[in-house]
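Analysis of the macromolecular model
Chain residues, written in single-letter form:
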2 protein chains.
Amino acid sequence: MTAESRADHRPSAAPPLTERQEARRRRILDASARLAARGGFDAVQMREVAEAAGVALGTLYRYFPSKIHLLVATMQDQLQHLHTTLRKRPPAGAAPAKRVAETLMRAFRALQREPQLADAMVRALTFADRSVSPEVDTVSRLTTAIILDAMGAEQPTPEQLSAVRVIEHTWHSALITWLSGRASIAQVKIDIETVCRLIDLTSPEHATTR
Amino acid sequence: MTAESRADHRPSAAPPLTERQEARRRRILDASARLAARGGFDAVQMREVAEAAGVALGTLYRYFPSKIHLLVATMQDQLQHLHTTLRKRPPAGAAPAKRVAETLMRAFRALQREPQLADAMVRALTFADRSVSPEVDTVSRLTTAIILDAMGAEQPTPEQLSAVRVIEHTWHSALITWLSGRASIAQVKIDIETVCRLIDLTSPEHATTR
DNA sequence: ATCAAGTCTGTAACTTGTTCTACCTTAGCG
DNA sequence: CGCTAAGGTAGAACAAGTTACAGACTTGAT
(Lines give C-alpha, C1' and ligand atoms only; values in the text may rest on other atoms or scores of the structure.)
Protein backbone atom coordinates (compact mmCIF):
# COMPACT_ATOMS: atom_id res chain seq x y z
CA MET A 1 0.00 0.00 0.00
CA THR A 2 2.12 2.87 -1.22
CA ALA A 3 1.43 6.50 -0.52
CA GLU A 4 0.11 6.56 -4.07
CA SER A 5 -3.12 4.84 -3.08
CA ARG A 6 -4.62 7.97 -1.59
CA ALA A 7 -8.00 6.68 -2.72
CA ASP A 8 -8.32 9.19 -5.50
CA HIS A 9 -11.88 9.37 -6.72
CA ARG A 10 -10.95 9.14 -10.33
CA PRO A 11 -8.23 7.08 -11.94
CA SER A 12 -4.87 8.59 -12.76
CA ALA A 13 -5.07 10.44 -16.06
CA ALA A 14 -8.17 12.51 -15.38
CA PRO A 15 -7.85 16.18 -16.25
CA PRO A 16 -8.65 18.31 -13.22
CA LEU A 17 -12.27 19.44 -13.09
CA THR A 18 -13.31 23.03 -12.79
CA GLU A 19 -15.34 24.07 -9.80
CA ARG A 20 -18.58 24.04 -11.75
CA GLN A 21 -17.73 20.58 -13.01
CA GLU A 22 -16.93 19.30 -9.55
CA ALA A 23 -20.27 20.67 -8.43
CA ARG A 24 -22.08 18.94 -11.28
CA ARG A 25 -20.41 15.67 -10.45
CA ARG A 26 -21.46 16.04 -6.85
CA ARG A 27 -25.04 16.86 -7.76
CA ILE A 28 -25.15 13.78 -9.95
CA LEU A 29 -23.78 11.49 -7.26
CA ASP A 30 -26.16 12.94 -4.69
CA ALA A 31 -29.14 12.57 -7.00
CA SER A 32 -28.11 9.01 -7.70
CA ALA A 33 -27.86 8.15 -4.01
CA ARG A 34 -31.13 9.87 -3.28
CA LEU A 35 -33.04 8.01 -5.97
CA ALA A 36 -31.37 4.75 -5.04
CA ALA A 37 -32.30 5.19 -1.42
CA ARG A 38 -35.94 5.61 -2.39
CA GLY A 39 -36.41 2.75 -4.79
CA GLY A 40 -33.27 0.73 -5.25
CA PHE A 41 -31.56 -0.16 -8.50
CA ASP A 42 -34.61 0.25 -10.70
CA ALA A 43 -35.41 3.69 -9.36
CA VAL A 44 -32.07 5.03 -10.52
CA GLN A 45 -33.21 5.95 -14.00
CA MET A 46 -30.75 7.90 -16.04
CA ARG A 47 -33.30 10.48 -17.22
CA GLU A 48 -34.42 11.03 -13.65
CA VAL A 49 -30.91 11.32 -12.33
CA ALA A 50 -30.13 13.86 -15.01
CA GLU A 51 -33.21 15.88 -14.21
CA ALA A 52 -32.72 15.69 -10.44
CA ALA A 53 -29.12 16.80 -10.87
CA GLY A 54 -30.15 19.61 -13.19
CA VAL A 55 -28.02 18.33 -16.02
CA ALA A 56 -28.67 17.13 -19.56
CA LEU A 57 -28.76 13.43 -20.27
CA GLY A 58 -25.76 13.70 -22.53
CA THR A 59 -23.80 15.39 -19.78
CA LEU A 60 -24.66 12.67 -17.33
CA TYR A 61 -23.25 10.16 -19.79
CA ARG A 62 -20.16 12.24 -20.23
CA TYR A 63 -19.48 12.06 -16.51
CA PHE A 64 -20.51 8.43 -16.05
CA PRO A 65 -20.52 6.31 -19.17
CA SER A 66 -23.20 3.93 -17.91
CA LYS A 67 -25.68 3.38 -15.13
CA ILE A 68 -23.33 0.78 -13.67
CA HIS A 69 -20.44 3.23 -13.68
CA LEU A 70 -22.64 5.75 -11.94
CA LEU A 71 -23.71 3.37 -9.22
CA VAL A 72 -20.23 2.03 -8.66
CA ALA A 73 -19.01 5.60 -8.30
CA THR A 74 -21.84 6.17 -5.84
CA MET A 75 -20.57 3.20 -3.89
CA GLN A 76 -17.04 4.58 -3.85
CA ASP A 77 -18.44 7.76 -2.50
CA GLN A 78 -20.42 6.07 0.25
CA LEU A 79 -17.55 3.79 1.19
CA GLN A 80 -15.32 6.76 1.66
CA HIS A 81 -17.80 8.27 4.09
CA LEU A 82 -17.94 4.96 5.89
CA HIS A 83 -14.20 4.63 6.10
CA THR A 84 -13.73 8.02 7.68
CA THR A 85 -16.59 7.34 10.08
CA LEU A 86 -15.11 4.02 11.11
CA ARG A 87 -11.72 5.57 11.66
CA LYS A 88 -13.15 7.93 14.18
CA ARG A 89 -14.34 5.09 16.37
CA PRO A 90 -12.11 2.08 15.81
CA PRO A 91 -13.39 -1.34 16.89
CA ALA A 92 -12.73 -2.25 20.49
CA GLY A 93 -12.12 -6.03 20.44
CA ALA A 94 -8.83 -7.55 21.51
CA ALA A 95 -8.32 -10.19 18.83
CA PRO A 96 -7.99 -9.12 15.20
CA ALA A 97 -10.76 -11.50 14.15
CA LYS A 98 -13.11 -9.89 16.65
CA ARG A 99 -12.28 -6.43 15.47
CA VAL A 100 -12.81 -7.28 11.83
CA ALA A 101 -16.11 -8.98 12.52
CA GLU A 102 -17.20 -6.01 14.57
CA THR A 103 -16.20 -3.57 11.87
CA LEU A 104 -17.99 -5.46 9.16
CA MET A 105 -21.12 -5.81 11.22
CA ARG A 106 -21.01 -2.11 11.87
CA ALA A 107 -20.73 -1.45 8.17
CA PHE A 108 -23.51 -3.88 7.66
CA ARG A 109 -25.77 -2.04 10.04
CA ALA A 110 -24.98 1.19 8.24
CA LEU A 111 -26.20 -0.41 5.03
CA GLN A 112 -29.27 -1.71 6.79
CA ARG A 113 -30.36 1.83 7.38
CA GLU A 114 -30.66 2.37 3.63
CA PRO A 115 -31.36 -1.07 2.29
CA GLN A 116 -32.52 0.19 -1.07
CA LEU A 117 -29.37 2.18 -1.57
CA ALA A 118 -27.34 -0.83 -0.56
CA ASP A 119 -29.27 -2.94 -3.02
CA ALA A 120 -28.59 -0.58 -5.88
CA MET A 121 -24.90 -0.29 -5.16
CA VAL A 122 -24.24 -3.95 -4.57
CA ARG A 123 -26.23 -5.06 -7.58
CA ALA A 124 -24.28 -2.65 -9.73
CA LEU A 125 -21.03 -3.86 -8.27
CA THR A 126 -21.62 -7.52 -8.98
CA PHE A 127 -23.19 -6.87 -12.35
CA ALA A 128 -20.30 -4.78 -13.56
CA ASP A 129 -18.45 -6.24 -16.50
CA ARG A 130 -14.87 -5.72 -17.63
CA SER A 131 -15.47 -2.18 -18.77
CA VAL A 132 -15.96 -1.15 -15.15
CA SER A 133 -13.03 -3.12 -13.74
CA PRO A 134 -10.93 -0.12 -12.72
CA GLU A 135 -13.78 1.41 -10.74
CA VAL A 136 -14.76 -1.88 -9.15
CA ASP A 137 -11.15 -2.39 -8.24
CA THR A 138 -11.11 0.92 -6.45
CA VAL A 139 -14.08 -0.18 -4.38
CA SER A 140 -12.30 -3.43 -3.64
CA ARG A 141 -9.19 -1.62 -2.49
CA LEU A 142 -11.25 0.60 -0.25
CA THR A 143 -12.84 -2.44 1.32
CA THR A 144 -9.48 -4.09 1.78
CA ALA A 145 -8.17 -0.98 3.44
CA ILE A 146 -11.08 -0.98 5.86
CA ILE A 147 -10.50 -4.60 6.80
CA LEU A 148 -6.76 -4.20 7.18
CA ASP A 149 -7.35 -1.17 9.34
CA ALA A 150 -9.56 -3.26 11.60
CA MET A 151 -7.00 -6.04 11.76
CA GLY A 152 -4.32 -3.61 12.64
CA ALA A 153 -1.97 -5.39 10.27
CA GLU A 154 0.69 -3.00 9.10
CA GLN A 155 2.63 -5.51 7.07
CA PRO A 156 0.16 -8.21 6.19
CA THR A 157 1.63 -11.52 5.14
CA PRO A 158 0.51 -13.05 1.84
CA GLU A 159 -1.47 -15.52 3.88
CA GLN A 160 -3.27 -12.73 5.64
CA LEU A 161 -3.99 -11.03 2.37
CA SER A 162 -5.59 -14.22 1.15
CA ALA A 163 -7.72 -14.32 4.24
CA VAL A 164 -8.76 -10.74 3.64
CA ARG A 165 -9.69 -11.58 0.09
CA VAL A 166 -11.86 -14.43 1.25
CA ILE A 167 -13.45 -12.20 3.85
CA GLU A 168 -14.28 -9.70 1.15
CA HIS A 169 -15.79 -12.41 -0.99
CA THR A 170 -17.92 -13.53 1.91
CA TRP A 171 -18.90 -10.00 2.76
CA HIS A 172 -20.14 -9.25 -0.73
CA SER A 173 -21.90 -12.49 -1.24
CA ALA A 174 -23.51 -12.49 2.19
CA LEU A 175 -24.72 -8.99 1.49
CA ILE A 176 -26.33 -10.18 -1.70
CA THR A 177 -28.11 -13.07 -0.08
CA TRP A 178 -29.41 -10.74 2.59
CA LEU A 179 -30.52 -8.11 0.08
CA SER A 180 -32.38 -10.67 -1.97
CA GLY A 181 -34.12 -11.92 1.14
CA ARG A 182 -32.50 -15.34 1.16
CA ALA A 183 -30.63 -14.90 4.43
CA SER A 184 -31.44 -13.23 7.71
CA ILE A 185 -29.26 -10.71 9.44
CA ALA A 186 -28.44 -13.33 12.03
CA GLN A 187 -27.30 -15.62 9.27
CA VAL A 188 -25.05 -12.92 7.86
CA LYS A 189 -23.57 -12.37 11.29
CA ILE A 190 -22.75 -16.04 11.62
CA ASP A 191 -21.17 -16.16 8.20
CA ILE A 192 -19.02 -13.15 8.93
CA GLU A 193 -17.92 -14.54 12.23
CA THR A 194 -17.18 -17.87 10.64
CA VAL A 195 -15.00 -16.42 7.95
CA CYS A 196 -13.21 -14.18 10.40
CA ARG A 197 -11.83 -17.27 12.07
CA LEU A 198 -9.50 -17.44 9.13
CA ILE A 199 -7.75 -14.44 10.56
CA ASP A 200 -6.77 -16.24 13.73
CA LEU A 201 -5.69 -19.12 11.57
CA THR A 202 -3.31 -16.95 9.60
CA SER A 203 -2.20 -14.47 12.21
CA PRO A 204 1.46 -14.91 13.11
CA GLU A 205 0.89 -14.28 16.81
CA HIS A 206 -1.60 -17.07 17.02
CA ALA A 207 0.47 -19.52 15.04
CA THR A 208 2.47 -20.35 18.14
CA THR A 209 -0.56 -21.15 20.26
CA ARG A 210 -2.22 -23.74 18.10
CA MET B 1 -28.48 -36.49 1.72
CA THR B 2 -32.09 -37.42 2.29
CA ALA B 3 -34.14 -39.06 -0.40
CA GLU B 4 -36.04 -35.79 -0.56
CA SER B 5 -33.22 -33.84 -2.14
CA ARG B 6 -33.39 -35.40 -5.54
CA ALA B 7 -33.12 -31.93 -7.02
CA ASP B 8 -36.49 -31.54 -8.62
CA HIS B 9 -36.16 -29.18 -11.55
CA ARG B 10 -39.21 -27.10 -10.78
CA PRO B 11 -40.57 -26.03 -7.42
CA SER B 12 -43.43 -27.83 -5.78
CA ALA B 13 -46.76 -26.65 -7.11
CA ALA B 14 -46.00 -26.82 -10.82
CA PRO B 15 -48.61 -28.64 -12.87
CA PRO B 16 -46.99 -31.49 -14.77
CA LEU B 17 -45.97 -30.52 -18.27
CA THR B 18 -47.08 -32.43 -21.31
CA GLU B 19 -44.45 -34.00 -23.50
CA ARG B 20 -44.59 -31.21 -26.04
CA GLN B 21 -44.24 -28.68 -23.26
CA GLU B 22 -41.31 -30.50 -21.74
CA ALA B 23 -39.73 -30.47 -25.19
CA ARG B 24 -40.35 -26.74 -25.59
CA ARG B 25 -38.81 -26.07 -22.21
CA ARG B 26 -35.78 -28.10 -23.19
CA ARG B 27 -35.42 -26.33 -26.53
CA ILE B 28 -35.56 -22.99 -24.74
CA LEU B 29 -32.93 -23.95 -22.18
CA ASP B 30 -30.68 -25.34 -24.89
CA ALA B 31 -31.06 -22.25 -27.03
CA SER B 32 -30.30 -20.11 -24.01
CA ALA B 33 -27.15 -22.06 -23.21
CA ARG B 34 -26.06 -22.02 -26.84
CA LEU B 35 -26.46 -18.27 -27.21
CA ALA B 36 -24.85 -17.64 -23.84
CA ALA B 37 -21.87 -19.79 -24.78
CA ARG B 38 -21.33 -17.69 -27.88
CA GLY B 39 -21.62 -14.20 -26.51
CA GLY B 40 -22.29 -14.17 -22.79
CA PHE B 41 -25.06 -12.36 -20.99
CA ASP B 42 -25.71 -9.77 -23.67
CA ALA B 43 -26.03 -12.35 -26.42
CA VAL B 44 -28.94 -14.03 -24.68
CA GLN B 45 -31.61 -11.83 -26.21
CA MET B 46 -35.13 -12.89 -25.55
CA ARG B 47 -36.23 -12.50 -29.17
CA GLU B 48 -33.29 -14.57 -30.33
CA VAL B 49 -33.84 -17.26 -27.74
CA ALA B 50 -37.48 -17.48 -28.79
CA GLU B 51 -36.57 -17.76 -32.43
CA ALA B 52 -33.79 -20.28 -31.86
CA ALA B 53 -36.11 -22.40 -29.74
CA GLY B 54 -38.87 -22.15 -32.35
CA VAL B 55 -41.28 -20.57 -29.95
CA ALA B 56 -43.15 -17.28 -29.78
CA LEU B 57 -41.87 -14.52 -27.57
CA GLY B 58 -44.97 -14.67 -25.41
CA THR B 59 -44.46 -18.37 -24.89
CA LEU B 60 -40.89 -17.86 -23.82
CA TYR B 61 -42.14 -15.43 -21.21
CA ARG B 62 -44.78 -17.88 -20.08
CA TYR B 63 -42.10 -20.45 -19.37
CA PHE B 64 -39.57 -18.04 -17.91
CA PRO B 65 -40.95 -14.76 -16.65
CA SER B 66 -37.75 -12.84 -17.23
CA LYS B 67 -34.31 -13.10 -18.75
CA ILE B 68 -32.91 -13.55 -15.28
CA HIS B 69 -35.27 -16.42 -14.55
CA LEU B 70 -34.24 -18.01 -17.80
CA LEU B 71 -30.55 -17.79 -17.08
CA VAL B 72 -30.91 -18.97 -13.52
CA ALA B 73 -32.85 -21.95 -14.81
CA THR B 74 -30.07 -22.51 -17.32
CA MET B 75 -27.65 -22.55 -14.44
CA GLN B 76 -29.75 -25.09 -12.54
CA ASP B 77 -29.66 -27.22 -15.61
CA GLN B 78 -25.90 -27.00 -16.03
CA LEU B 79 -25.26 -27.58 -12.35
CA GLN B 80 -27.26 -30.76 -12.50
CA HIS B 81 -25.08 -32.01 -15.32
CA LEU B 82 -22.03 -31.10 -13.31
CA HIS B 83 -23.28 -32.81 -10.19
CA THR B 84 -23.87 -36.10 -11.93
CA THR B 85 -20.52 -35.84 -13.69
CA LEU B 86 -18.74 -35.20 -10.42
CA ARG B 87 -20.49 -38.10 -8.76
CA LYS B 88 -19.08 -40.46 -11.32
CA ARG B 89 -15.52 -39.55 -10.38
CA PRO B 90 -15.44 -38.45 -6.77
CA PRO B 91 -12.45 -36.44 -5.58
CA ALA B 92 -9.49 -38.49 -4.40
CA GLY B 93 -7.97 -36.46 -1.55
CA ALA B 94 -7.80 -37.81 1.97
CA ALA B 95 -8.81 -34.74 3.98
CA PRO B 96 -12.27 -33.24 3.47
CA ALA B 97 -10.78 -29.81 2.82
CA LYS B 98 -8.63 -31.25 0.03
CA ARG B 99 -11.57 -32.99 -1.54
CA VAL B 100 -13.74 -29.90 -1.49
CA ALA B 101 -11.02 -27.73 -2.95
CA GLU B 102 -10.40 -30.31 -5.63
CA THR B 103 -14.07 -30.55 -6.47
CA LEU B 104 -14.50 -26.81 -6.70
CA MET B 105 -11.45 -26.42 -8.87
CA ARG B 106 -12.79 -29.14 -11.12
CA ALA B 107 -16.08 -27.31 -11.38
CA PHE B 108 -14.13 -24.18 -12.02
CA ARG B 109 -12.24 -25.75 -14.90
CA ALA B 110 -15.52 -26.92 -16.36
CA LEU B 111 -16.72 -23.33 -16.35
CA GLN B 112 -13.46 -22.18 -17.87
CA ARG B 113 -14.24 -24.22 -20.93
CA GLU B 114 -17.28 -22.04 -21.60
CA PRO B 115 -16.37 -18.74 -20.02
CA GLN B 116 -19.11 -16.83 -21.80
CA LEU B 117 -21.75 -19.23 -20.59
CA ALA B 118 -20.35 -19.00 -17.10
CA ASP B 119 -20.46 -15.23 -17.34
CA ALA B 120 -24.09 -15.18 -18.35
CA MET B 121 -25.17 -17.57 -15.65
CA VAL B 122 -23.22 -16.01 -12.81
CA ARG B 123 -24.20 -12.47 -13.74
CA ALA B 124 -27.83 -13.51 -13.77
CA LEU B 125 -27.45 -15.25 -10.45
CA THR B 126 -25.99 -12.26 -8.63
CA PHE B 127 -28.26 -9.78 -10.34
CA ALA B 128 -31.39 -11.69 -9.42
CA ASP B 129 -33.73 -9.82 -7.13
CA ARG B 130 -36.33 -11.11 -4.71
CA SER B 131 -38.66 -12.28 -7.43
CA VAL B 132 -36.16 -14.96 -8.37
CA SER B 133 -35.35 -16.06 -4.84
CA PRO B 134 -36.85 -19.52 -5.07
CA GLU B 135 -34.89 -20.36 -8.18
CA VAL B 136 -31.68 -18.90 -6.84
CA ASP B 137 -32.24 -20.89 -3.70
CA THR B 138 -32.45 -24.05 -5.73
CA VAL B 139 -29.09 -23.27 -7.28
CA SER B 140 -27.71 -22.63 -3.84
CA ARG B 141 -28.99 -25.95 -2.55
CA LEU B 142 -27.47 -27.74 -5.49
CA THR B 143 -24.13 -26.12 -4.78
CA THR B 144 -24.40 -27.03 -1.12
CA ALA B 145 -25.15 -30.61 -2.07
CA ILE B 146 -22.07 -30.75 -4.26
CA ILE B 147 -19.85 -29.43 -1.50
CA LEU B 148 -21.30 -31.70 1.16
CA ASP B 149 -20.86 -34.63 -1.18
CA ALA B 150 -17.20 -33.74 -1.53
CA MET B 151 -16.80 -33.38 2.21
CA GLY B 152 -18.41 -36.71 2.76
CA ALA B 153 -20.36 -35.25 5.65
CA GLU B 154 -23.51 -37.25 6.17
CA GLN B 155 -24.70 -35.36 9.22
CA PRO B 156 -23.06 -31.98 8.99
CA THR B 157 -22.91 -30.00 12.20
CA PRO B 158 -24.25 -26.45 12.24
CA GLU B 159 -20.66 -25.30 12.32
CA GLN B 160 -19.88 -27.25 9.21
CA LEU B 161 -22.92 -25.84 7.49
CA SER B 162 -21.66 -22.36 8.26
CA ALA B 163 -18.35 -23.25 6.75
CA VAL B 164 -20.09 -24.55 3.66
CA ARG B 165 -22.04 -21.34 3.39
CA VAL B 166 -18.88 -19.30 3.54
CA ILE B 167 -17.29 -21.54 0.96
CA GLU B 168 -20.22 -20.95 -1.31
CA HIS B 169 -19.94 -17.21 -0.83
CA THR B 170 -16.29 -17.36 -1.70
CA TRP B 171 -16.91 -19.56 -4.68
CA HIS B 172 -19.46 -17.20 -6.18
CA SER B 173 -17.57 -14.07 -5.50
CA ALA B 174 -14.25 -15.47 -6.68
CA LEU B 175 -15.96 -16.57 -9.85
CA ILE B 176 -17.20 -13.05 -10.42
CA THR B 177 -13.82 -11.47 -9.92
CA TRP B 178 -12.34 -13.96 -12.36
CA LEU B 179 -15.07 -13.42 -14.93
CA SER B 180 -14.67 -9.68 -14.79
CA GLY B 181 -10.94 -10.04 -15.26
CA ARG B 182 -9.95 -8.75 -11.86
CA ALA B 183 -8.41 -12.00 -10.62
CA SER B 184 -6.34 -14.72 -12.23
CA ILE B 185 -7.12 -18.38 -12.10
CA ALA B 186 -4.19 -18.84 -9.76
CA GLN B 187 -5.70 -16.25 -7.47
CA VAL B 188 -9.02 -18.07 -7.48
CA LYS B 189 -7.26 -21.30 -6.60
CA ILE B 190 -5.57 -19.68 -3.64
CA ASP B 191 -8.81 -18.18 -2.41
CA ILE B 192 -10.58 -21.51 -2.64
CA GLU B 193 -7.81 -23.29 -0.83
CA THR B 194 -7.75 -20.62 1.82
CA VAL B 195 -11.43 -20.83 2.53
CA CYS B 196 -11.37 -24.60 2.55
CA ARG B 197 -9.17 -24.45 5.59
CA LEU B 198 -12.33 -23.61 7.45
CA ILE B 199 -13.40 -27.18 6.93
CA ASP B 200 -10.50 -28.60 8.89
CA LEU B 201 -11.24 -26.03 11.53
CA THR B 202 -14.79 -27.24 11.94
CA SER B 203 -14.48 -30.93 11.22
CA PRO B 204 -15.12 -33.07 14.31
CA GLU B 205 -12.49 -35.65 13.41
CA HIS B 206 -9.81 -33.04 13.23
CA ALA B 207 -10.82 -31.34 16.43
CA THR B 208 -9.02 -34.06 18.37
CA THR B 209 -5.80 -33.76 16.41
CA ARG B 210 -5.18 -30.08 16.68
C1' DA C 1 -67.58 -34.90 -33.00
C1' DT C 2 -67.99 -30.73 -30.37
C1' DC C 3 -67.21 -27.43 -27.15
C1' DA C 4 -64.69 -24.70 -23.53
C1' DA C 5 -60.48 -23.65 -21.45
C1' DG C 6 -56.13 -23.18 -21.72
C1' DT C 7 -51.82 -22.57 -24.86
C1' DC C 8 -49.30 -20.66 -28.71
C1' DT C 9 -48.33 -17.51 -32.36
C1' DG C 10 -47.28 -13.21 -34.56
C1' DT C 11 -47.00 -8.61 -33.94
C1' DA C 12 -47.19 -4.10 -32.06
C1' DA C 13 -46.55 -1.11 -28.23
C1' DC C 14 -44.23 0.50 -24.20
C1' DT C 15 -40.09 1.33 -21.08
C1' DT C 16 -35.61 2.55 -20.02
C1' DG C 17 -30.58 2.43 -21.09
C1' DT C 18 -27.74 4.34 -24.61
C1' DT C 19 -26.38 6.99 -28.72
C1' DC C 20 -26.72 10.76 -31.91
C1' DT C 21 -27.49 15.43 -33.70
C1' DA C 22 -27.83 20.18 -34.03
C1' DC C 23 -27.39 24.01 -31.57
C1' DC C 24 -25.97 27.07 -27.54
C1' DT C 25 -22.44 28.72 -23.67
C1' DT C 26 -18.21 29.41 -21.58
C1' DA C 27 -13.34 29.97 -20.96
C1' DG C 28 -9.19 31.05 -22.53
C1' DC C 29 -6.51 33.81 -25.86
C1' DG C 30 -4.93 36.87 -29.59
C1' DC D 1 -13.63 42.63 -28.63
C1' DG D 2 -14.14 38.48 -31.21
C1' DC D 3 -12.59 33.61 -32.23
C1' DT D 4 -12.35 28.88 -31.21
C1' DA D 5 -12.58 24.55 -28.93
C1' DA D 6 -14.36 22.07 -25.35
C1' DG D 7 -18.25 21.26 -22.71
C1' DG D 8 -23.49 21.65 -22.20
C1' DT D 9 -28.45 21.39 -23.64
C1' DA D 10 -32.70 19.61 -25.60
C1' DG D 11 -34.66 16.28 -27.82
C1' DA D 12 -35.02 12.57 -31.29
C1' DA D 13 -33.70 7.99 -32.38
C1' DC D 14 -32.33 3.30 -31.43
C1' DA D 15 -31.94 -1.29 -28.82
C1' DA D 16 -33.51 -4.91 -26.01
C1' DG D 17 -36.48 -6.42 -22.10
C1' DT D 18 -41.24 -6.68 -21.20
C1' DT D 19 -46.26 -6.44 -21.88
C1' DA D 20 -50.57 -6.60 -24.52
C1' DC D 21 -53.68 -8.51 -27.73
C1' DA D 22 -56.25 -10.77 -31.44
C1' DG D 23 -56.50 -14.77 -33.68
C1' DA D 24 -55.21 -19.93 -34.27
C1' DC D 25 -54.25 -24.50 -32.19
C1' DT D 26 -54.52 -28.39 -28.47
C1' DT D 27 -56.52 -30.94 -25.27
C1' DG D 28 -59.67 -33.21 -22.38
C1' DA D 29 -64.48 -33.95 -21.13
C1' DT D 30 -68.84 -34.84 -22.60
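This one's a predicted model, so the numbers in the text were calculated from it and none came from an experiment. (Residues numbered from 1 in each chain as written. Chains lettered and ligands numbered in written order. Predicted model: local features only at pLDDT ≥ 70, side-chain atom pairs only at ≥ 80, totals over all residues. Heavy atoms only, no water.)

We now examine the protein's contact with DNA strand D. Around DNA strand D, 17 residues are found, and the nearest of them are A:Arg24, A:Thr59, A:Tyr63, B:Arg47 and B:Lys67. Counting only the atoms of DNA strand D within 4 Å of the protein, the fraction contributed by sugar and phosphate is 62%. A:Ala56 places a polar main-chain atom, nitrogen or oxygen, 3.0 Å from a phosphate oxygen of DNA strand D. Between DNA strand D and the protein, one listed contact pairs a base nitrogen with a side-chain N or O atom of B:Arg47 at 2.5 Å. Among the secondary structure elements, those contributing two or more residues to the surface near DNA strand D are α1 (19-43) and α3 (57-63) of chain A together with α2 (46-53) and α3 (57-63) of chain B. Per element, the largest residue contribution to the surface near DNA strand D is 3 residues, and it comes from α3(A). Tallied by class, residues from the surface near DNA strand D come to 7 nonpolar, 4 polar and 6 charged. (Near = heavy atom within 4 Å. Polar contact = N/O pair within 3.5 Å; in protein donor to acceptor, adjacent residues only side chain to side chain. Helix = DSSP H or I, 4+ residues; strand = E, 2+ residues; numbered from the N terminus. Nonpolar A, V, L, I, M, F, W, Y, C, P; charged D, E, K, R; others polar.)

Quick look at the pattern of salt bridges now. Taken as a whole and assessed by the stated rule, the structure comprises 20 salt bridges over all chains. Among the ionic pairs, B:Asp191 bridges to A:Arg165, the shortest N-O distance being 3.0 Å. One end of the pair, B:Asp191, is in helix α9 (residues 185-202); the other, A:Arg165, is in helix α8 (residues 158-179), on a second chain. One salt bridge in this structure joins B:Arg26 and B:Asp77, with 2.8 Å as the shortest N-O distance. (Salt bridge = Lys/Arg side-chain N within 4 Å of Asp/Glu carboxyl O.)

On to the protein's contact with DNA strand C, then. Around DNA strand C, the surrounding shell holds 17 residues, and the nearest of these are A:Arg47, A:Lys67, B:Ala56, B:Thr59 and B:Tyr63. For DNA strand C, the fraction of atoms within 4 Å of the protein that belong to sugar or phosphate moieties is 57%. Within the backbone of A:Lys67, an N or O atom sits 2.9 Å from a phosphate oxygen of DNA strand C. For the surface near DNA strand C, the secondary-structure elements that each account for two or more residues are α2 (46-53) and α3 of chain A together with α1 (19-43) and α3 of chain B. No other element matches α3(B), which puts 3 residues into the surface near DNA strand C. When grouped by side-chain class, the residues that make up the surface near DNA strand C number 7 nonpolar, 5 polar and 5 charged.

All right, on to the interface of chain B and chain A then. Contacts between the two partners involve 35 residues from chain B, matched on the other side by 35 residues from chain A. Summed over both sides, the interface between chain B and chain A buries roughly 3200 Å², with carbon and sulfur atoms accounting for 55% of that surface. Interface area lost by chain B to chain A is led by B:Phe127, B:His169 and B:Arg197, which between them contribute 20%. Summed over the shared surface of chain B and chain A, the result is 6 salt bridges. Two residues, B:Arg197 and A:Glu159, come together in a salt bridge whose shortest N-O distance is 2.4 Å. The interface formed by chain B and chain A contains 18 residue pairs in polar contact (both at pLDDT 80 or more). Of all the secondary-structure elements, those providing two or more residues to the side of chain B that touches chain A are α6 (115-127), α7 (133-151), α8 (158-179) and α9 of chain B. It is α8(B) that provides the largest number of residues to the side of chain B that touches chain A, a total of 12 residues. (Contact = heavy atoms within 4.5 Å. Buried area = accessible area lost by both parts, 1.4 Å probe.)

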